[in-house]
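Analysis of the macromolecular model
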Amino acid sequence: MSAVIVAIDGPSGSGKSSVSKGVASRLRYEYLDTGAMYRALTWWALDKHLSPDQVADRLDECAIMSGTDPEAPFVTVNAIDVSEAIRTPEVTAAVSAYSAVPQVRTMLVEMQREAAANAGSGLVAEGRDLGTVVFPDATLKVYLTADVEARAQRRAAENAQRGQDADVADTHESLAARDAADSGRAVSPLQVADDAVQVDATFMTLPEVIDHVTALVQERV
Ligand code: DC
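A brief look at the structure comes next. Not measured: the values here are computed from a predicted model.

1. Here we look at the site of the ligand
Near the ligand there are 15 residues, and of these Arg39, Arg105, Asp129, Asp182 and Arg185 occur at the shortest range. Between the ligand and the protein, one listed contact pairs an oxygen atom with a side-chain N or O atom of Asp182 at 2.8 Å. Expressed as a share of its isolated accessible area of 440 Å², the protein-covered part of the ligand is 97%. Secondary-structure elements contributing two or more residues to the shell around the ligand are α2 (34–47), α4 (89–99) and α8 (168–184). Split into classes, the residues belonging to the shell around the ligand amount to two nonpolar, five polar and eight charged.

Rendered as structure tokens:
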């Protein structure tokens with residue numbers, strides 16, 4: 001029997017990671033943060049001083065591995081743990097440009113499908129194009145969103161915990177720029193899958209969203 005696939009897409013700061021990890025833990029499924037894979041690729045390219053148009057020919061030098069335990073997620077590049085390094089402002093500012101390179105997407109989408117093929121009972125995967133491109137036959141597709149101000153406040157609080165810029169206005173500006181880049185690109189833009197359930201988390205707490213999405217999964221399995 002193939003694994004249950006839960007695809008959770010949505011813009012930056014909508015709470016996808018916390019929700020996806022929470023749902024995966026609750027259901028004892030595996031977890032895949034596809035944004036971390038695009039960030040890891042970007043970290044590697046910046047480290048090697050490769051511009052977005054130079055990476056396509058060098059992808060065989062970049063071996064990315066993602067841990068799928070929702071309680072202890074990690075990502076490595078060439079066996080270096082970059083789980084923290086991929087959250088710096090430099091990587092955040094550059095990731096949309098590298099994610100728009102078609103060869104990068106082909107490589108990472110293949111790895112994402114492989115993770116699903118190797119998942120035990122289920123996989124909760126979060127990103128931008130999981131319901132639309134990567135897992136068109138997912139058991140459940142969720143499009144998680146929240147008003148941009150709510151997302152900026154949440155992301156600024158996370159940045160403060162990491163000792164990074166926690167100004168809500170700056171964070172709002174950077175989120176809005178990334179939303180525009182991720183939604184406007186030619187390849188696999190962020191968009192709502194026709195059969196996705198839309199969840200607006202603006203006025204919901206994290207446990208409420210986790211309960212709601214877990215119940216949606218349980219209705220289908
Ligand atoms: O979820 P995140 O903010 O960590 O994602 C980082 C970037 O990666 C985001 O700006 C767009 C890109 N991304 C993507 O293009 N496709 C995905 N499936 C996941 C992320």
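Now, onward.
2. Observations regarding α2
Relative to the 20 Å expected for 14 residues at 1.5 Å per residue, α2 spans 20 Å between its end C-alpha atoms, a close match to the ideal helical length. Within α2, 11 of the 14 residues are buried, which leaves the element mostly enclosed by the surrounding structure. Inspection of α2 places Thr34, Ala36, Met37, Tyr38, Arg39, Ala40, Leu41, Thr42, Trp43, Trp44 and Ala45 among the buried residues, and these make up the whole buried set. One side-chain oxygen at the N-terminal end of α2 lies 3.1 Å from the backbone nitrogen of Gly35; it belongs to Asp33.

3. Concerning empty space enclosed by the protein
All told, the structure shown has one cavity of 30 Å³ or more when counted by the stated rule. Space inside the largest cavity adds up to approximately 40 Å³. Contributing to the lining of the largest cavity are Ala7, Asp9, Gly131, Thr132, Lys141, Val142, Tyr143, Gln191, Ala193 and Ala196. Among the elements of the structure, β1 (4–9), α6 (130–134) and β7 (140–145) are those that each provide at least two residues to the lining of the largest cavity.

Rules of the game
- Residues numbered from 1 in each chain as written.
- Predicted model: local features only at pLDDT ≥ 70, side-chain atom pairs only at ≥ 80, totals over all residues.
- Heavy atoms only, no water.
- Near = heavy atom within 4 Å.
- Polar contact = N/O pair within 3.5 Å; in protein donor to acceptor, adjacent residues only side chain to side chain.
- Areas by Shrake-Rupley, 256 points an atom, 1.4 Å probe, with all protein chains shown as cover.
- Helix = DSSP H or I, 4+ residues; strand = E, 2+ residues; numbered from the N terminus.
- Nonpolar A, V, L, I, M, F, W, Y, C, P; charged D, E, K, R; others polar.
- Expected span 1.5 Å × (residues − 1).
- Buried < 20%, exposed > 50% of the residue type's maximum accessible area, 1.4 Å probe, protein only.
- 1 Å grid on protein atoms, 1.4 Å probe; cavity = no way out; pocket = protein on both sides within 12 Å on 5 of 7 lines; lining within 4 Å.
- Points joined across faces, edges and corners; volume = space filled by probe spheres on them.

Nothing here speaks to function; it is geometry throughout.
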